[in-house]
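Chain by chain, the residues:
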Amino acid sequence: MAGLPAVGSIAPDFTLLDQDRENWELSKHLQRGDVVLCFYPFAFTGVCGTEMKCITSEMASWKAKGANVVGVSCDSMYANKAWAQQEGFKHTLLSDLHRTVVRAYGVLWEDLHVSKRATVVIGAAIDGRGRVKFAEAREPGKAMAWDDVLAKL
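Residues numbered from 1 in each chain as written. Predicted model: local features only at pLDDT ≥ 70, side-chain atom pairs only at ≥ 80, totals over all residues. Heavy atoms only, no water.

### A closer look at the overall build of the chain
(1) Moving on: When helices and strands are tallied, the chain shows six helices and nine strands.
(2) Moving on: By element, 51% of the accessible surface of the chain is carried by carbon and sulfur atoms, the whole surface being about 7300 Å². (Helix = DSSP H or I, 4+ residues; strand = E, 2+ residues; numbered from the N terminus. Areas by Shrake-Rupley, 256 points an atom, 1.4 Å probe, with all protein chains shown as cover.)

Have a look at this one:
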């Protein structure tokens, strides 16, 4: 299994369904600014919920930096929608049912066949392709350090 993409490397492009069953394409969103991919193992769980709530509550900070923050998990788009509605999330949740993106980004938690907890910041390079600006995987119970991620934007 490949590890996290190196800083400066080309970010694998992808299209996934969001919680509203709409296509969400990384390359299109990079045209508007940096993208922060927040990989999480399971909807409706403690640390995952805390991270996603913080993303929503800090939306103004992310937008001020010109960033689009999205959650990515192997949960279905239906589970993601129910979770977003229940918790009032204001950001996009992407469904990687086939595990193609978690594999491409080196964050597949093999034992459980779900995403590890990880954050990848991607910016558009001069050639228009996404370039990794920051990548970090964390232990299951450890949430991201918001200030560290914001500083990479």
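On we go.
### Here's the deal with unusual backbone geometry
(1) Moving on: In this structure, Arg 21 takes a positive phi of about 65 degrees despite not being glycine.
(2) Moving on: Tracing the chain through its elements places Arg 21 in the loop between strand E1 (15–18) and strand E2 (23–25).
(3) Moving on: For Arg 21, a relative accessible area of 53% translates into the label exposed. (Buried < 20%, exposed > 50% of the residue type's maximum accessible area, 1.4 Å probe, protein only.)

### A word on the environment of Thr 15
(1) Moving on: Assignment of secondary structure puts Thr 15 in strand E1.
(2) Moving on: In this structure Thr 15 comes out as partly exposed when scored by relative accessible area, which is 41%.
(3) Moving on: Taking the C-alpha atoms as reference, Thr 15 lies 9.6 Å from Lys 28; in sequence the two are 13 residues apart.
(4) Moving on: Leave out the neighbours within four places in its chain, and Thr 15 touches Asn 23, Trp 24 and Glu 25. (Contact = heavy atoms within 4.5 Å.)

### Overview of the sheet that holds strand E9 (residues 130–138)
(1) Moving on: Across the sheet, which stays open at both edges, the seven strands sit in the order E2-E1-E5-E4-E3-E8-E9 with mixed pairing between neighbours. Across the chains shown, the open sheet's two edge strands, defined by having one partner strand only, are E2 and E9. Taken pair by pair, the neighbouring strands of this sheet meet at an average axis angle of 30 degrees, ignoring direction.
(2) Moving on: Across four bridges, the pairing between strand E4 (residues 68–73) and strand E5 (residues 92–95) is parallel. Each bridged residue has a counterpart across the sheet, and for Gly 71 the counterpart in E5 is Leu 93.
(3) Moving on: Across the sheet, helix H4 (residues 77–87) is in contact with E1, E4 and E5; its angle to E5 comes to roughly 160 degrees. (Pairing = 2+ DSSP bridges. Axes fitted to C-alpha atoms, helices over the stretch in contact; angles between N-to-C directions.)

### Considering the nonpolar core
(1) Moving on: Within the largest apolar cluster, 22 residues are counted, with the highest numbers of intra-cluster contacts made by Phe 14, Leu 26, Leu 37, Phe 39, Tyr 105 and Ile 122.
(2) Moving on: Listing elements by their share of this core, those giving two or more residues are helix H1 (26–30), strand E3 (35–39), E4, helix H5 (100–104) and strand E8 (117–124).
(3) Moving on: Sequence-distant contacts of Phe 14, defined by excluding residues within four places in its chain, comprise Trp 24, Glu 25, Leu 26, Leu 37, Leu 94, Val 101 and Tyr 105.
(4) Moving on: The next biggest cluster of nonpolar side chains, apart from the first, holds 16 residues, and it includes Cys 38, Met 59, Trp 83 and Val 121. (Core = buried A, V, L, I, M, F, W, Y, C linked by side-chain atoms within 4.5 Å.)

### What to know about the pairing of E3
(1) Moving on: Extensive coverage of E3 is indicated by the burial of five of its five residues.
(2) Moving on: Burial along E3 is two-sided: Val 35, Leu 37 and Phe 39 facing one way and Val 36 and Cys 38 facing the other are all buried.
(3) Moving on: As paired elements, E3 and E4 share five bridges and run parallel to each other. Within the sheet, the bridge partner assigned to Val 36 lies in E4 and is Val 69.

### Describing the packing of aromatic side chains
(1) Moving on: Per the counting criterion, the structure on display carries five aromatic pairs.
(2) Moving on: Measuring from ring centre to ring centre gives 6.2 Å for Phe 14 and Tyr 105, while their planes differ by 90 degrees; the resulting arrangement is edge-to-face. Of the two residues, Phe 14 is situated in the segment before E1 and Tyr 105 in the loop between H5 and strand E6 (108–109); the sequence distance between them amounts to 91 residues. The same class applies to Phe 14 as to Tyr 105, namely buried.
(3) Moving on: Grouped by ring-pair contacts, the aromatic residues Phe 14, Trp 24, Phe 39 and Tyr 105 constitute a single cluster. (Phe/Tyr/Trp six-rings, centres within 6.5 Å; stacked < 30°, edge-to-face > 60°.)

### Let's talk about the pairing of E1
Walk down a regular strand and you will see the side chains alternate between the two sheet faces.
(1) Moving on: As paired elements, E1 and E2 share three bridges and run antiparallel to each other. Bridge pairing in E2 places Thr 15 opposite Glu 25.
(2) Moving on: Hairpin connection, E1 to E2: the antiparallel pair is bridged by four residues, and Arg 21 has positive phi, about 65 degrees.
(3) Moving on: Summarising the sheet, E1 and E5 pair through two bridges and their orientation is antiparallel.

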